[in-house]
Each structure stands twice: as C-alpha cells, then as structure tokens.
Amino acid sequence: MTTQYQVHGDIAVITLNNPPVNGLGLATRQGIAEGMAQANADAVVKAIVITGAGKAFSGGADIKEFGSPKAVQEPNLLSVISVLENSAKPVVAAIHTVAMGGGLELALGCHYRIAAPGTSIALPEVKLGFIPGAGGTQRLPRVLGAEAALNIIVSGEPIKAEMLAMLPGQKLFDKMSASAESLAEEALAYARSVADVRPLPLIRNLPCKHPQGDAYFQFARNMVKGMSKNFPAPAKCVDIVEIATQKKFDDGMAAEREIFMNLMLTAESKALRHLFLAERAASKIPDVPADTAQRTINSIAVIGAGTMGGGIAMNFLNAGIPVKMLEMKQEALDRGVATIRKNYEAQVKKGKLKQDKYDQRMALLTTTLSYDDLTGTDMVIEAVFEEIGVKEAVFKELDRVMKPGAILASNTSTLDVDKIASFTKRPQDVVGLHFFSPANVMKLLEVVRGKATAIDVMATVMSVAKKIRKTAVVSGVCDGFIGNRMIEQYGRQGGFLLDEGCTPAQVDKAMEKFGMAMGPFRMGDLAGNDIGWAIRKRRYQEKPNMKYSKTADLLCEKGRFGQKVGKGWYDYVEGKRDAIPNAEVVTMIEEHRKALGITPRKISDEEIVQRLVFSLVNEAAHILEEGIANKASDIDIVYIFGYGFPAHRGGPMNYADQVGLFNVVQAMNRFALNPLDDATFWKPAPLLAKLAAEGKSFN
Ligand code: NAD
C-alpha cells in the first residue's frame with residue numbers, strides 16, 4: 001500500500017507511503033482519492049489531514065512512471081487535486097522535509113497548509129525543460145505574489161519553508177509547526193480548529209496582481225534571456241506567471257496545460273529528461289546486483305602528487321575521507337601539497353570555502369615516501385607517469401604492502417588495466433578509475449572494469465564515486481576507454497576539415513554554436529596538443545594504413561602545444577583563456593593544403609557539425625557493440641559530464657536518435673564518398689546499420 005488511512009478521533013489522516021520520497025505514482029494517487037472518499041463518507045470525520053511518511057511530504061511525480069501511460073492514467077494529479085478542492089470537509093496538508101513539484105501542487109490544492117521548519121519547497125520542472133503542469137504556476141503566484149512565485153518556478157531551486165513564511169502577506173502556509181517532530185500533533189489540532197469554518201478557502205479564489213505589471217514581466221523576460229539561450233522553458237515560466245496575473249484562474253489553468261504539453265514535446269525537454277534518467281541508470285551495472293556487499297573504504301592512499309594526484313586527493317578530502325599521498329621525493333610531495341593548499345586558499349578567498357572547513361580538510365592529508373606506511377589504507381589510487389614500466393614497479397610495491405581486500409586503482413588514461421592487474425597477485429582487486437582534469441572539478445569518472453575485477457570492487461567504487469560527488473560510468477578495457485576512444489575520431493575529422501578548407505576558428509565557432517562548451521581546437525589547446533601528438537605517433541606505428549591529417553603534427557613541431565605554452569592553434573595572453581586567432585597558423589594550414597594539391601572549398605557549419613558529431617556516434621556504436629559501454633545512455637553521460645557536450649542535445653547518442661539513425665547513416669554514406677575523408681571509418685558500425693534499417697534508436 002502506498003497510502004495509509006487512519007482516523008484519530010474526528011480527524012482522518014491520509015499518509016503517503018511510497019518510498020523513497022512519496023512519489024505520486026498511480027497507486028498513490030488512487031490511494032489519496034479513495035481516502036478522500038472514505039473520509040467524506042464517514043460522519044464521524046470532521047476534517048482531513050494529508051501528510052507523508054518517512055523522508056518527504058512528497059517529491060512529486062514518481063520517476064519510475066516517467067514516460068509510461070501510468071503517469072497520466074486517471075486519477076491523474078489534476079483530478080486528485082480537484083477531489084481535494086471539492087471536498088465538503090476541510091483538507092489540511094501537513095508538509096515536512098520535501099514538498100516538490102507535484103508534491104507542492106498537491107499541497108496547494110488543499111484548503112490549508114501547515115509546514116515544519118526545514119521543509120524544502122520547490123517546483124523543479126524547469127530543470128527538465130517544462131513547467132509545472134498541475135496548477136503550480138497559477139496557485140503559487142496567488143499565495144506568494146508573482147515575483148516570489150516566478151523566482152521559484154524559473155529557478156527550479158529549493159527554498160526553505162521558514163524563509164517563505166517570512167514573506168509579507170504570504171498565504172502559502174497557514175501555520176508553521178514548532179518542530180518537525182510536533183508537526184503531526186499540531187496538524188491534528190489545526191484541523192480540529194478549522195473543522196467548522198465555512199466557506200472552505202480555495203487558492204483559486206485569491207486575487208493575483210503585480211503592482212508593476214508589464215514593466216516587471218518585461219524585466220523578468222530580460223533576466224531569463226541568458227538561461228533561455230538553448231532552452232525554451234524559462235521564458236515560458238515568465239509567460240505563464242504573467243498569465244496568472246491577467247486571466248481568470250480556469251483560463252490560466254488551460255494556458256498552463258497548453259504550454260506544458262508543448263514543452264514536453266520539445267527536443268530540449270526530451271534531452272533533459274533523458275539525461276535525468278541516464279544519470280541514475282549509469283550507476284546500475286547489469287551483473288552487479290544493488291544489494292552486493294561492499295568493502296569498507298574509510299581511508300585512501302594516492303600515489304603521485306602531480307596534476308592528477310593532487311586533484312584526486314582533494315575529492316576525498318572534500319568528502320571528509322583521510323588521504324595519504326606518496327611520492328618518490330620530498331620535493332615532489334611538498335609541491336603537491338602546496339598546490340592543494342593554493343587551490344583551497346583560492347576558494348577561501350572567493351568566499352566559497354570557510355576557513356575552518358579548509359583547516360579540517362588539510363588536517364586529513366598526510367604524506368609519505370615509504371610504501372610501508374600504506375598498509376592500513378583501504379584503497380589506493382595510482383596517478384604516476386603514464387609509462388607501463390613505472391606502473392609495473394608501483395603495482396608490485398602495492399601488492400607487497402596493501403592489506404588483503406584493499407582496492408588497487410589506477411588513473412591510467414591509455415594503458416591496459418588488465419596488464420596493470422597482472423603485475424599483482426590479486427587482479428580481482430584492481431580497477432581503473434579514470435578521473436578527468438582538473439580532477440577536483442570535473443564531474444565525470446570512468447570506472448574501468450578489468451577482466452578479473454571483482455563484483456564487490458565494482459559495487460564499492462561506484463558508491464565511493466557517489467560519496468565524492470562524481471558521476472561514474474563503467475567502461476570496459478580498450479584503448480582510450482569510452483570518452484577518449486571516441487574523441488580520437490572527432491580529432492581526426494577536425495584535421496580533415498582543416499585540410500579541406502576550414503580554419504580552426506571556423507570549426508570551433510560551428511561547434512560552439514551547436515552548443516559544445518569548446519570547439520575541438522580550443523579543446524586541444526586546453527588539454528595540450530602534445531598529448532594527441534604522442535598518441536598519433538603511436539598510431540602511425542600500430543595502424544600504418546589509418547588516414548590522418550598531418551596539420552596537427554606540423555603545429556606541434558613548432559612547439560605550439562597549447563595554453564600551457566601560451567600558443568597552440570591560437571595565441572593566449574598569460575592568465576587569460578581567450579583564444580586569439582594566429583595568422584601564422586592559418587598560413588601554415590594553407591601551405592600544407594597547397595603542398596597536398598588540395599583546392600580549398602567552403603564547408604558549411606552543418607557539414608562541420610555532422611562530421612564531428614557523427615564521428616563520435618559511429619565510434620560509440622562500435623563501443624556499444626563490443627560491450628565496452630553497457631548502454632547508449634552511459635555514452636551520453638560521458639560526453640555531457642566529461643567533454644562539454646551540450647545538455648540540450650542530450651549527448652551524442654540522444655542527438656543521433658533525434659536526427660534519426662536512418663538520416664545519420666545516409667550522411668555517413670555521403671561522407672564516405674569524399675576522397676579527402678576516410679571512407680573506411682565512415683562505414684556505419686554494424687549495430688548502427690542494423691538499428692537504422694529497423695527504424696530503431698540507440699536509447
Ligand atoms: P604528472 O606528471 O603531473 O604527475 C605524476 C606524478 O607522479 C609526479 O609528481 C611524479 O613525481 C610522480 N611519480 C612518478 N613515478 C612515481 C613513482 N614510481 N612513485 C611515486 N610517484 C611517482 O602526471 P599527471 O598528469 O598527474 O598524470 C598521472 C596519471 O594520470 C597518468 O597515468 C595519466 O595518464 C593519468 N591522467 C592524466 C590526465 C591529465 O589530463 N593530466 C587525465 C586523466 C588521467
């Protein structure tokens with residue numbers, strides 16, 4: 001049962017009980033409607049209280065029902081709210097902990113509301129690309145005023161009930177309870193106190209005006225312009241709250257419905273809903289049951305205090321987990337610790353970190369030069385030089401000193417995790433944890449599952465990832481794992497585009513207009529062009545027949561490694577990120593083109609975007625087919641959280657689905673005919689060809 005019905009004297013109490021957050025799924029909605037009918041039919045009952053069991057009043061829609069027919073099946077939320085409004089006996093919502101989305105809308109349909117201090121109030125729908133659809137946009141302005149209501153609706157952010165209760169003239173809460181514990185008792189008493197009051201108050205009957213009307217809403221529209229760039233919903237939030245101030249309640253409700261339905265159908269909302277579910281799905285691994293017993297991780301060791309080691313250590317310090325850093329030399333340790341200090345001090349200066357928190361974090365950090373000091377730690381993450389010989393030496397030492405059952409992780413970005421595991425006598429305890437740079441900032445973590453990695457190691461590192469606030473995606477072992485294996489093809493296409501007639505700035509602009517945080521050449525400058533160069537040199541040996549543009553090599557031969565040396569595809573002024581186009585680089589590209597006998601052609605932005613994005617998609621289809629990624633949505637998460645792919649496109653796989661896989665394959669076939677491109681690469685991956693032929697999609 002997802003609702004409970006009890007009678008306390010003359011008051012009926014309907015308690016939502018659908019863990020974890022009392023989502024308003026079909027059974028719960030039915031339970032409320034049935035409880036209301038029972039209470040109204042019972043002559044003993046004088047008033048009704050609706051509340052939630054456990055950790056919420058209600059978090060809103062039940063995400064398990066997302067997109068399923070059950071989500072709209074009667075009684076839908078609008079119908080349930082209408083049952084509340086039409087009740088002959090007063091209904092009091094007793095709100096605590098969380099009242100969000102549909103949960104808040106349910107409370108707004110009640111005659112009275114009593115809230116416990118600490119309750120988070122929110123209408124987060126805008127974050128999924130739509131607006132509240134069960135009266136929230138029409139009722140909230142009537143109880144809070146248009147301005148406060150619009151703030152809540154357009155930001156989607158939670159705000160504490162006690163702050164709202166202080167707003168002058170607010171009618172959202174009729175009463176605040178003294179504490180969360182006393183809410184139930186106070187709600188019963190309050191219900192008794194209003195049991196005989198008639199007429200029953202309804203929010204729909206309250207007036208709604210803004211004193212500055214037009215001017216205020218114009219102002220609000222200008223304010224949300226920035227956030228509306230790629231998303232239509234924020235501007236619609238302004239429209240619908242303005243309507244609340246202009247039209248009759250029922251007309252406002254009709255307008256809300258229409259906007260809600262239209263936004264639900266937009267590509268942007270579909271993308272955001274896809275990502276919402278994809279992020280949750282990423283933490284689930286098909287053959288690792290949710291109840292797998294986990295190893296205890298209360299302390300961490302990090303080997304190597306360089307760029308990555310320092311950032312990795314900070315993640316754990318931030319989460320209150322002690323870290324021991326090991327290096328070969330004291331100077332390297334001192335440098336590593338100094339960098340961590342500098343990072344934290346910058347946060348303290350900006351007011352983002354309190355001094356006492358900084359002190360607490362630094363107190364959790366210890367250093368050592370001796371492996372024998374690591375025997376007590378539960379997990380170690382290696383971040384030393386990317387050379388297999390160095391990794392071998394480190395893992396042999398770790399195998400010698402780490403206690404049985406400790407997890408041995410490597411942050412390698414290109415080396416074979418199975419090979420690294422083979423340096424130990426406990427390959428089942430070895431796993432790849434591929435952090436992205438800067439490791440204390442980037443949300444993505446690729447968890448690289450070796451052939452022998454134990455199931456409980458996988459379960460443990462996925463939950464450790466959550467503790468350090470990373471979004472973890474599982475990858476199998478292959479060169480580059482999911483993200484970098486795909487980006488290699490993207491980079492190769494970027495090179496061909498230069499050879500055929502583009503400038504780096506043209507390519508970057510097209511991709512940034514598409515929504516990428518950075519185009520491929522600005523990204524190369526940020527990551528260091530020498531890294532790609534080293535990989536290509538290896539490829540020239542391994543795959544002599546693979547086609548490459550040589551332009552990036554010429555750039556590297558000039559020492560233009562990127563931002564770290566102040567020059568790459570662009571020039572940089574010290575301390576600034578602005579990319580300034582460089583005439584010499586453009587001439588270098590032109591001369592190389594001439595030497596190859598290529599007549600440049602004008603390439604459209606559309607072709608640039610398609611070639612770059614579909615190169616990701618085709619490689620991703622191979623990755624899926626080989627089982628390197630468990631599901632297409634994992635690949636979307638990798639690109640959204642690790643590579644600056646635009647959220648409103650929902651990731652490369654979701655974007656391909658929206659374009660239609662048939663169309664994607666058609667485009668690839670066209671690209672294959674271009675003699676300056678790589679026809680072999682553009683042969684659609686078998687999985688992609690099959691899905692396209694069957695009219696199916698990845699996700
Ligand atoms: P780095 O050169 O900045 O740091 C490496 C550190 O390891 C140095 O401080 C060095 O003194 C130390 N070290 C070397 N050998 C050691 C040993 N035997 N014992 C103890 N310490 C030793 O390198 P980085 O950029 O931090 O990269 C480290 C690892 O992380 C590499 O495997 C790299 O591929 C991977 N990685 C790097 C990035 C990135 O963007 N830099 C991203 C993801 C993964």
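Please read these numbers as outputs of a predicted model, since none were measured by experiment. (Residues numbered from 1 in each chain as written. Predicted model: local features only at pLDDT ≥ 70, side-chain atom pairs only at ≥ 80, totals over all residues. Heavy atoms only, no water.)

Novice: I'd like a rundown of the sheet that holds strand β5 (residues 98–100), residues and numbers included.
Specialist: Read from one edge of the open sheet, 3 strands run β5-β7-β8, paired in mixed fashion. Pairing within the sheet leaves two strands with one partner each, and these edge strands are β5 and β8 (159–160). (Pairing = 2+ DSSP bridges. Helix = DSSP H or I, 4+ residues; strand = E, 2+ residues; numbered from the N terminus.)

Novice: Which residues make up the site of the ligand, and what are the values?
Specialist: Every one of the 21 residues lining the ligand counts as a neighbour, but M308, E327, E386, K391 and S413 are closest to it. At a separation of 2.7 Å, an oxygen atom of the ligand approaches a polar backbone atom of M308. Alone, the ligand offers 840 Å² of accessible surface; in the complex the protein occludes 79% of this. The biggest single contributor to the shell around the ligand is helix α15 (residues 388–401), with 3 residues. Tallied by class, the residues present in the shell around the ligand amount to 10 nonpolar, 8 polar and 3 charged. (Near = heavy atom within 4 Å. Polar contact = N/O pair within 3.5 Å; in protein donor to acceptor, adjacent residues only side chain to side chain. Areas by Shrake-Rupley, 256 points an atom, 1.4 Å probe, with all protein chains shown as cover. Nonpolar A, V, L, I, M, F, W, Y, C, P; charged D, E, K, R; others polar.)

Novice: Would you mind going over the nonpolar core in detail, with residue names and values included?
Specialist: Considering soluble globular proteins, one finds that nonpolar side chains tend to be buried as a cluster. Formed by 66 residues in total, the largest nonpolar core has its most connected members in F614 and F698. At 11 residues, the largest contribution of residues to this core is made by helix α24 (residues 605–625). Viewed by domain, this core spans two of them, domain 2 (300–475) and domain 3 (483–693), each represented by three or more residues. Beyond its immediate sequence surroundings of up to four residues, F614 is in contact with V609, Y655, V659, V664, A667, M668, F671 and W682. (Core = buried A, V, L, I, M, F, W, Y, C linked by side-chain atoms within 4.5 Å. Buried < 20%, exposed > 50% of the residue type's maximum accessible area, 1.4 Å probe, protein only. Domains from an automatic or database assignment. Contact = heavy atoms within 4.5 Å.)

Novice: Please provide a residue-by-residue account of unusual backbone geometry, values included.
Specialist: The omega angle of the peptide bond from R198 to P199 is -5°, so this bond is cis rather than trans. Within the secondary structure, P199 sits in the loop between α7 (183–194) and α8 (213–224). The omega torsion of the bond from S437 to P438 falls at -5°, within 30 degrees of zero and hence cis. Relative to the helices and strands, P438 is located in the loop between β15 (430–435) and β16 (444–448). The phi angle at R469 is positive, at roughly 60°, despite the residue not being glycine. With respect to the secondary-structure elements, R469 resides in the loop between α17 (455–467) and β17 (471–475).

Novice: Give me the lowdown on the domain arrangement of the chain, citing residues and values where you can.
Specialist: Split by domain assignment, the chain resolves into domain 1 (3–264), domain 2 (300–475) and domain 3 (483–693). Using C-alpha coordinates to define each centre, domain 1 is positioned 45 Å away from domain 2.

Novice: I'd love a proper account of the packing of aromatic side chains, names of residues and values included.
Specialist: Each aromatic ring pair is specified by the distance between its two centres and by the angle formed by the two planes. Under the definition given, this model contains 13 aromatic pairs. Their ring planes at 50° and their centres at 6.1 Å tell us that Y344 and Y358 sit as a pair that is tilted. One end of the pair, Y344, is in helix α13 (residues 330–349); the other, Y358, is in helix α14 (residues 355–363), and 14 residues separate them in sequence. Measuring from ring centre to ring centre gives 5.6 Å for F436 and Y643, while their planes differ by 80°; the resulting arrangement is edge-to-face. Taken together, the residues F436 in the loop between β15 and β16 and Y643 in the loop between α25 (632–642) and α26 (652–659) connect sequence positions 207 residues apart. Y643 sits in the buried class, given a relative accessible area of 9%. Three or more aromatic residues joined by ring pairs make a cluster, and in this case those are F436, Y639 and Y643. A cation over a ring is seen here: R280 above F276, with NZ or CZ 3.8 Å from the ring centre. (Phe/Tyr/Trp six-rings, centres within 6.5 Å; stacked < 30°, edge-to-face > 60°. Lys NZ or Arg CZ within 6 Å of the ring centre and 35° of its normal.)

Novice: Which residues make up the side chain of R485, and what values go with them?
Specialist: With respect to the helices and strands, the residue R485 is situated in helix α18 (residues 481–500). Side-chain polar atoms of R485 contact the side chain of E626, separated by 2.9 Å. Every residue in contact with R485, bar those within four places of it in the chain, is listed here: C478, D479, G480, E619, H622, I623, E626 and I628.

Novice: Could you give me a rundown of the sheet that holds strand β9 (residues 175–176), with the residues and numbers involved?
Specialist: The strand order across the open sheet built from 6 strands is β1-β2-β3-β4-β6-β9, with neighbouring strands paired in mixed fashion. Each of the sheet's edge strands pairs with one partner strand only, and the pair in question is β1 (3–8) and β9. Here β1 runs beside strand β2 (residues 11–16); their pairing, made up of 6 bridges, is antiparallel. Directly across from H8, in β2, lies its bridge partner I11.

Novice: Please give an account of the packing of helix α5 (residues 146–155) against α8 that cites residues and values.
Specialist: Interaxial distance between α5 and α8 falls to 12 Å at its minimum, and their mutual angle equals 20°. The angle between the axes of α5 and α8 places the two elements in the roughly parallel class. Our pair here, α5 against α8, has a crossing hand that is right-handed. Taken together, the residues of α8 that come into contact with α5 (itself represented by A146, E147, L150 and V154) are Y216, F217, A220 and V224. Per-class residue counts for the contact of α5 with α8 are 7 nonpolar, no polar and 1 charged. (Axes fitted to C-alpha atoms, helices over the stretch in contact; angles between N-to-C directions. Parallel < 35°, antiparallel > 145°, perpendicular 65-115°, else oblique. Left-handed = near helix turned anticlockwise from the far one by under 90°.)

Novice: Now, about α14: what can you tell me, with residues and values included?
Specialist: Of the positions making up α14, those classed as buried are Y358, R361 and M362. Each buried residue of α14 lies within a common arc of 95° when the element is viewed along its axis, so the set occupies one face. (Arc of directions from axis to C-beta.)

Novice: Which residues make up the pattern of salt bridges, and what are the values?
Specialist: This structure, assessed with the given rule, holds 42 salt bridges. When the shortest N-O distance is used, the salt bridge between K391 and E382 registers 2.5 Å. Per residue, the accessibility class of K391 equals that of E382, and both read buried. Residue R538 is joined to D479 by a salt bridge in which the shortest nitrogen-to-oxygen separation is 3.0 Å. Taken together, the residues span a long stretch of sequence, with R538 in helix α21 (residues 529–542) and D479 in the loop between β17 and α18 at a distance of 59 residues. By relative accessible area, R538 is classed as partly exposed at 30%. The class for D479 is partly exposed, based on a relative accessible area of 30%. (Salt bridge = Lys/Arg side-chain N within 4 Å of Asp/Glu carboxyl O.)

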